Amino acid sequence: MDLVQLEIFKAVAEQGSISAAAQHIHRVPSNLTTRIKQLEEDLGVELFIREKSRLRLSPAGWNFLEYARRILDLVHEARLTVAGEDPQGTFALGSLESTAAVRIPALLALYNQRYPKVDLDLSTGPSGTMLEGVLSGRLVAAFVDGPVLHPSLEGIPVFEEEMVIISPLNHAPVTRAQDVNGASIYAFRANCSYRHHFESWFVQDQAVPGKIHEMESYHGMLACVSAGAGLAMLPRSMLDNMPGCSTVSAWPMQEQFRYLKTWLVWRRGTVSRSLSMFVKLLEERRAG
């Protein structure tokens, strides 16, 4: 197995056919076919399911694709490092919506200034979606709610968020979940760690929320709560930076639920130069 075989395999996997991959990497189709067969013989597994003129990755192929991408990325990174070049290429970063809105705008601006050759691509979403992106290789790293205990991931804690319950202004004080037993709540989708935290707050007090309305943004949650339609939970840092924050009441949660740490995570053993410089810059700003 050599790097050429990995590059050919990656091209065929991503293009979906030998002919399309051949055009993409400027090689003759027969060469790609031979190289793929040699790679499968070397590994002792079929990497593709043949369907007429198209190829679909087999389960083994999907697993191998992740490793092939990591190997090729590391080789490219090693070449840049040895050559003494600044980071370059695409840096796909994921983030919680609140972190992207409040915590990292200045950090991203400074990173772009220092490393203009890097094409920073930011995606936002709940922790579950961001973790899936990192594990699949779609994202290089992501800011998520921690701690993260997945064996394929590593990372560092970077921010501490105070979580608050927001209610309409005329609502009675909210000191515990029993105070709002059966109340409607607004939250992100089921794979959101903040939603799990909110639901756990009810469970530990032997209370249950009423109808759970799934929303796509904190601004939508704030608008609904302000209108008197229920409750929501969000980071205080996010609330304080939102227009309309004065139209709701904010109640601190009990100590065991009050604070959550945001982590920056990446696939174990795959720290690229772009990522290492990003982590270094993040640590510089935290120290300052």
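Reading the values: the criteria
Residues numbered from 1 in each chain as written. Predicted model: local features only at pLDDT ≥ 70, side-chain atom pairs only at ≥ 80, totals over all residues. Heavy atoms only, no water. UniProt positions renumbered as here; feature names shortened; annotations may be inferred. Salt bridge = Lys/Arg side-chain N within 4 Å of Asp/Glu carboxyl O. Helix = DSSP H or I, 4+ residues; strand = E, 2+ residues; numbered from the N terminus. Buried < 20%, exposed > 50% of the residue type's maximum accessible area, 1.4 Å probe, protein only. Core = buried A, V, L, I, M, F, W, Y, C linked by side-chain atoms within 4.5 Å. Contact = heavy atoms within 4.5 Å. Patch = residues over 30% accessible without salt bridge, like charges linked within 9 Å, V, L, I, M, F, W, Y side chains within 5 Å. Areas by Shrake-Rupley, 256 points an atom, 1.4 Å probe, with all protein chains shown as cover.

- The name recorded for the protein chain in an unreviewed UniProt entry is LysR family transcriptional regulator, from Pseudomonas promysalinigenes.
- Under the UniProt heading Sequence similarities (unreviewed entry), the entry covering the protein chain gives this text: "Belongs to the LysR transcriptional regulatory family."

Remarks on the pattern of salt bridges
In step 1: Applying the stated rule across the entire model yields 14 salt bridges.
In step 2: Between Glu-160 and Lys-261 there is a salt bridge; the shortest N-O distance is 3.6 Å. Here Glu-160 is found in strand S6 (residues 153-168), whereas its partner Lys-261 is found in strand S11 (residues 259-267), with 101 residues between them in sequence.
In step 3: For Glu-160, a relative accessible area of 44% translates into the label partly exposed.
In step 4: By sharing partners, the salt bridges in this structure join Lys-10, Glu-14 and Arg-69 into a single network.

Side note on unusual backbone geometry
In step 1: Between Gly-146 and Pro-147 the backbone carries a cis peptide bond, its omega angle lying at 0 degrees.
In step 2: Inspection of the secondary structure assignment puts Pro-147 in the loop between strand S5 (141-145) and S6.
In step 3: In this structure, His-26 takes a positive phi of about 60 degrees despite not being glycine.
In step 4: The topology assignment puts His-26 in the loop between helix H2 (18-25) and helix H3 (29-43).
In step 5: Residue Gln-206 is not a glycine yet carries a positive backbone phi of 55 degrees.

As for the nonpolar core
In step 1: Core analysis: the biggest nonpolar cluster contains 34 residues, and Ile-165, Ile-166, Tyr-194, Trp-201, Phe-202 and Tyr-218 have the highest contact counts within it.
In step 2: Each residue touching Trp-201, except ones within four places of it in the same chain, is listed here: Ile-165, Val-174, Arg-176, Ala-177, Val-180, Met-253, Gln-254 and Phe-257.
In step 3: Membership of the second largest hydrophobic core comes to 23 residues, among which are Ala-100, Ile-104, Phe-143 and Leu-281.

Comments concerning a nonpolar patch on the surface
In step 1: Residues Met-1, Leu-43 and Val-45 make up a contiguous nonpolar surface patch of roughly 240 Å² in combined accessible area.
In step 2: Its location among the elements puts Val-45 in the loop between H3 and strand S1 (48-51).
In step 3: Judged by its relative accessible area of 34%, Val-45 falls in the partly exposed class.

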